Every structure is written in C-alpha cells, then in structure tokens.
Amino acid sequence: MCEMMEKFDAYLTERNREVSEEAQKLIQEERADEARFLKAKANIFDVFKSLFRVSCQQAEGDTGKCDTLFLDKAKSVPMSWQKALTLAKEHGDTERILMEETKLSAVEEILERYEVFKAEGGDGE
C-alpha cells in the first residue's frame, strides 16, 4: 500500500475511534438516542475502511486501479441509504430521515477527505 493509501486508511481508523468515543460520552450523559446516530456514523467509517482495503487488495499494488475500485464501491454502497432517505421523507419518518442523513453525511465527509488525500499525496490536511 502506498503512503497515501496508508494515511487514508489511518484517517478512517482514527475517525471511527473519535466518533465512537463521542457516542460513548453521550451514553454516559444518558443521551442514548443521540449516541445511536453517532454509532451509525462510526460504522460508516468502518464500512468504508473495509471497502478501501478490499479495493487495494484487489488492485494488487496498482494505485490507479485501487482508486477506481474504491470510488466505484464508495458510490454504489450509499445508494440504498439514499433510497431509504427518500422513503422516509415520503412517510414523514423523522427519525429514519435523521439516520439516513447521518450515514450520507459520513459518506460525503469520507469522499471529500479521500479527494484531499489524493490531491495532496496523502497529507489530508
């Protein structure tokens, strides 16, 4: 795995940890409903870390191929969440709307950061 890929993988791991810790703090403050949304967000970072690692393994060291595989997967996975958001809006399901929006905002954050890592050669800052 090239340096950029290693740094992006580390970023996903760190964001998962940060969001999970924040969820735990909310639980300790007896704010379990809010914590549920953060747990879902942390899970998205974990899912995308797996997608990224699988893409890199399938690419067998080819950075360009890894990029293509990852972005294809990263764009197809959230399609079901987008559909669920649309249905939730149609039915006025506020809690489900918030959950799907939380997931999709995590995806947006991940993809934006990925582009920064690529552009800056792995710094991501």
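Residue positions are given per chain, counting from 1 as you read along its sequence in written order. The predicted origin of the model limits local features to residues at a pLDDT of at least 70 and limits the giving and counting of side-chain atom pairs to 80 or more, whereas totals for whole chains, interfaces and linings rest on all residues. Side-chain metrics rest on all non-hydrogen atoms present in the structure, leaving aside hydrogens and water.

Draft legend 1. Quick look at the overall build of the chain. Under the scheme used here, helices are H or I runs from DSSP no shorter than 4 residues and strands are E runs no shorter than 2 residues, and both carry numbers assigned from the N terminus. A tally of regular secondary structure across the chain gives five helices and zero strands. Reported as C-alpha extents along the three principal axes, the dimensions of the chain are approximately 45 × 35 × 20 Å. Taken across its 125 residues, the chain has 40% of its residues classed as buried. Per-residue and other accessible areas follow the Shrake-Rupley method at a 1.4 Å probe size, with only the shown protein chains counted as cover for residues. As presented, the chain carries roughly 7,400 Å² of accessible surface, and 49% of it is formed by carbon and sulfur atoms. Charge separation in the chain, taken as the distance between the mean sites of 19 positive and 28 negative side-chain charges, equals 3 Å. When accessible area is computed with a 1.4 Å probe and restricted to protein chains, residues below 20% of their type maximum are described as buried, those above 50% as exposed, and intermediate ones as partly exposed. The convention is simple: Lys and Arg are positive, Asp and Glu are negative, and His and the chain ends are not counted. Each charge is placed at NZ for Lys, CZ for Arg, CG for Asp and CD for Glu.

Draft legend 2. Expanded view of the side chain of K41. With respect to the helices, strands and loops of the structure, K41 is situated in helix α2 (residues 32-59). Not counting residues within four places of it along the chain, the set of residues in contact with K41 comprises R15, V19, T102, A106 and E109. Should any heavy atoms of two residues lie within 4.5 Å, those residues are considered in contact.

Draft legend 3. Molecular detail of the pattern of salt bridges. Just to be clear on terms, a salt bridge is a Lys or Arg side-chain nitrogen sitting within 4 Å of an Asp or Glu carboxyl oxygen. Enumeration according to the criterion identifies 14 salt bridges in this entry. Residue R96 is joined to E100 by a salt bridge in which the shortest nitrogen-to-oxygen separation is 2.6 Å. With R96 and E100 both in helix α5 (residues 94-119) and four residues apart, this pair spans about one turn of that helix. Residue R96 is classed as partly exposed on the basis of its relative accessible area of 37%. Among the charged side chains, a salt-bridge network with shared partners connects R15, E18, K41 and E109.

Draft legend 4. Quick peek at the confidence of the model for the chain. pLDDT measures the predictor's confidence residue by residue and takes values from 0 up to 100. Per-residue confidence for the chain gives a mean pLDDT of 92; residues scoring 70 or more make up 96%. No element of the chain has a lower mean pLDDT than helix α3 (residues 63-76), which averages 93, and none a higher one than helix α4 (residues 79-91), which averages 96.

Draft legend 5. Up close: the environment of K83. Within the secondary structure layout, K83 lies in helix α4. In this structure K83 comes out as exposed when scored by relative accessible area, which is 60%. The spacing of K83 and E100 is 17 residues in sequence and 9.2 Å in space, taken between C-alpha atoms.

Draft legend 6. The arrangement of the packing of α2 against α5 in detail. The angle between two axes is taken between their N-to-C directions and runs from 0 to 180 degrees, where each axis is a line fitted to C-alpha atoms and a helix contributes only its stretch in contact. Following both chains from N to C, one finds α2 and α5 inclined at 40 degrees, their axes separated by 9 Å at the closest point. One finds that α2 runs oblique with respect to α5. Remark: the crossing between α2 and α5 carries right-handed chirality. Here R36, F37, A40, K41, I44, F45, F48 and F52 of α2 come into contact with α5, specifically with E95, L98, M99, T102, K103, A106, V107, E109, I110 and Y114. When describing relative orientation, an angle under 35 degrees is termed roughly parallel and one over 145 degrees roughly antiparallel, while 65 to 115 degrees is termed roughly perpendicular and anything else oblique. Should the near helix be turned anticlockwise from the far one by less than a right angle, the crossing is termed left-handed; should it be turned clockwise, right-handed.

Draft legend 7. Structural view of α3. One less than the number of residues in a helix, times 1.5 Å, gives the span that helix is expected to have. Taking 1.5 Å per residue, 14 residues should reach 20 Å; α3 reaches 20 Å between its end C-alpha atoms and fits that length. Turning to α3, its buried residues are C66, D67, F70, L71 and A74. With its buried residues spanning 120 degrees around the axis, α3 presents them on a single face. Where α3 is buried, its residues contact α1 (3-28), α2 and α5. Residues adjacent in sequence count toward polar contacts only when both atoms are side-chain atoms; beyond that, a polar contact is any pair of N or O atoms within 3.5 Å, and within protein one must be able to donate a hydrogen and the other to accept it. For α3, the side-chain oxygen to backbone nitrogen distance between the N-cap and G64 is 3.0 Å, and the N-cap itself is D62. Here the arc refers to the directions that run from the helix axis out to each C-beta atom.

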